[in-house]
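Structural characterization, general
Single-letter residue listing:
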Amino acid sequence: MVISFFQRMLGLLAFALFLSVATLAQAQDQSEHQATKMSSSEYLQKLQYAQLYEQQRDPTNAMRIYGELYTVNPNDVSVFEGYVRSLIALKKYDDAEHVVNQRMKVDNSLETLLLSARLEAWLNKRPEALAAFQKAELHANAHDCAALFPIVYAMMDVSYNQDALQLLDQMRKNSSGDADICSSQIAGLYLRLGQFDRASSQFIQILKSGEGNVGMVEQRLAEYLTDSLSRETVLSSLEKAVLAYDSNPANGGVTRANLRLLAWLYEERKDYTKALATIVQIDDMHHAENENEGPELLQFADRARSEGALEAAAKAYTEASRRMNTNHVQGYYASSAQLGSLKTWEAYYLASSAPKDSIAALVSQYETFAASEKVNELSLDALLHAANLSYSPLFDLPRATKDYEALSLRDHSMNDAMRDALFRLVDIAFADQDFPLAESRMQHIDDILSRIRGLDDKEIRNHLLYDRALEQYYRQNFDSASVLLQDVASDAASDYANDAIQLSGIIESANAPGSVASLKRFATASLLDQAHQYAQAEADYRSMIDTQFNSPLADRAALRSAQTLVALGRPNDAVRELDSMQSRMISSPLLDVAAFQEAEIVDKNLHDKARAQKMYEDFLERYPNSDLLIDARERARKLRGDAF
């Protein structure tokens, strides 16, 4: 009886196990059946998911979905390529090799052969990799170098550089029409292998074929000059090779192609002195061959100027202008060279704090150019530069007035030059404290705007409105000034909105019976500032700081006082003033401005870089929410020598 019971239990268990296995097998069959019967919409959706995972750099999930799709449709090229990419990204080279070998049974294209060769190389199967590359070469049936480039690049991708070099060298010998392109690739490989001398020799051989190959050589070199560690070595090796070749009489002397490469090389090294000397040599060759001189010098001058090499640019402009005039190349280009030279000397003088005598002489050159120049656009540009230099830094108001007025008489439009001249004449009237003249000049601007139809004059009118408010402020008509400023401040897109808001803030903070006296003194000092009467302005600011310490404008007076002290050549006194403000006016909302301004003076006027760096770093800690934070961080990093 007992035995019978256990026998029945075992039978039931066996039957249950059978049912479980059968159910599992049936479920698996259904799953496989469903996979092979995946709808097109589901298939497309999964493909999109796989591609999205790839974009998100999630190769694991991408591989999972691509693998599922590959099982459904191994002939889908997008699925095959995505699956292999994901396997390679996960370094599953064995699995990728298997998939590619399966593919090669139906697709023996060059791309598949090269993919197979790469995988064999990554699996350290060098004989198999070389065999695959050889199959690819036979498949390409190459009769020229260009057809071999995909194979060469694939070899380089797996660091088979010597094999790639051998392949290209062999093809170059058999090449019929693209030997220079082949040689360029070979030279690039030499660079990649660190064989710089051989690369240089190869490039020189390419240049022997003609000047038209210079661009190709420069492009090939540029691809390999991004590594700062090898950059100087490559350029030095190339310079040595070119100079050695040109100095050998057997090679026929200096060629323009080699000189052009040298000039490019010097520009890459930022050696503008040597670059200019080389460009002059090229221009001399133009002269010897009765070709136009100057354009290449002009082009070099533009580049040098844009890269901050002002002295070299100025010399290049001057030389280009001289050669164009000597060879009777008149017109726009010769004039542009001459004006470019003047502008570059201007930038050089201003950057180097040149003596005022040098700047005054440059103003005379601008005026002479404007008087003799027939192209009105260039003449007006020269007059504007002359007038701007006279106004600042020379502050020669009569001379500036003469040039601004000459410009306005020669132009009847409202272009940028005309607008700048007219508004600067208003500034000069303010500096002379001649308010009727200022009003007359502003009315003149208003009349021009009324005459010119179709002019987008919104910003000009904002400027005009702000100047009228400024006049009322200087004349201490504060209520009138406030009304005018409101219209400008309300236009958030205007360049003058911030200026209007600041001036409104000054007026509103002190335009009350108890503090209006300090506002009047502040306005008087501001007008003296405009007139460059710095000693009198500083005395007024000093009086406000000492006698009206609790005035709402005392902190602004301290900032202005520091600025006038710098203008008076007393930067140490300015630093002390700002330091005192930060310790005495601890409730001022302008303490961050004072700290930043103090660091600027130490940096730019006292030239104490270490002290300025510390001050900028202290500023970053003390005022983390300041609007000046980005500027302070940038200057601290620059003084610290950080690389950007």
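Given the structure is predicted, the values throughout are model-derived calculations rather than measurements. (Residues numbered from 1 in each chain as written. Predicted model: local features only at pLDDT ≥ 70, side-chain atom pairs only at ≥ 80, totals over all residues. Heavy atoms only, no water.)

With that out of the way, let us pick up the pattern of salt bridges. Going through the model one piece at a time under the given rule, you end up with 46 salt bridges. A salt bridge links Arg-303 to Glu-268; the nearest nitrogen and oxygen atoms lie 3.8 Å apart. Of this pair, Arg-303 sits in helix H16 (residues 295-306) while Glu-268 sits in helix H14 (residues 256-268), placing them 35 residues apart in sequence. On the accessibility criterion, Arg-303 (25% relative accessible area) is partly exposed. The structure contains a network of salt bridges with shared partners spanning Arg-231, Glu-267, Glu-268, Lys-270, Arg-303 and Glu-307. (Salt bridge = Lys/Arg side-chain N within 4 Å of Asp/Glu carboxyl O. Helix = DSSP H or I, 4+ residues; strand = E, 2+ residues; numbered from the N terminus. Buried < 20%, exposed > 50% of the residue type's maximum accessible area, 1.4 Å probe, protein only.)

So, about the packing of aromatic side chains. In total, this model carries 16 aromatic pairs according to the counting rule given. Relative to Phe-478, the ring of Tyr-473 lies with its centre 6.1 Å away and its plane at 55°, an arrangement referred to as tilted. The exposure class of Phe-478 is buried, given its relative accessible area of 5%. Chaining the aromatic ring pairs together yields one cluster made of Phe-430, Phe-435, Tyr-473, Tyr-474 and Phe-478. Directly above the ring of Tyr-160 sits Arg-126, whose terminal nitrogen or CZ lies 4.8 Å from the centroid. (Phe/Tyr/Trp six-rings, centres within 6.5 Å; stacked < 30°, edge-to-face > 60°. Lys NZ or Arg CZ within 6 Å of the ring centre and 35° of its normal.)

For helix H15 (residues 272-288), spanning 17 residues, the distance from its first C-alpha to its last is 24 Å, which sits close to the expected 24 Å at 1.5 Å a residue. Tyr-272, Ala-275, Leu-276, Thr-278, Ile-279, Ile-282, Asp-283, Met-285 and His-286 are the residues of H15 that are buried. Positive phi appears at Asn-290, one or two residues downstream of H15, with a value of about 55°. (Expected span 1.5 Å × (residues − 1).)

Close contact between helix H24 (residues 458-474) and helix H26 (residues 497-510) brings their axes to 11 Å; oriented N to C, the two are set at 20°. When the axis of H24 is compared with that of H26, the two are roughly parallel. The handedness of the crossing between H24 and H26 comes out as left-handed. When H24 is examined against H26, the residues Tyr-466, Leu-470 and Tyr-473 are found in contact with a partner set consisting of Asp-499, Ala-500, Leu-503, Ile-506 and Ile-507. Residue composition of the contact of H24 with H26, by class: seven nonpolar, no polar and one charged. (Axes fitted to C-alpha atoms, helices over the stretch in contact; angles between N-to-C directions. Parallel < 35°, antiparallel > 145°, perpendicular 65-115°, else oblique. Left-handed = near helix turned anticlockwise from the far one by under 90°. Contact = heavy atoms within 4.5 Å. Nonpolar A, V, L, I, M, F, W, Y, C, P; charged D, E, K, R; others polar.)

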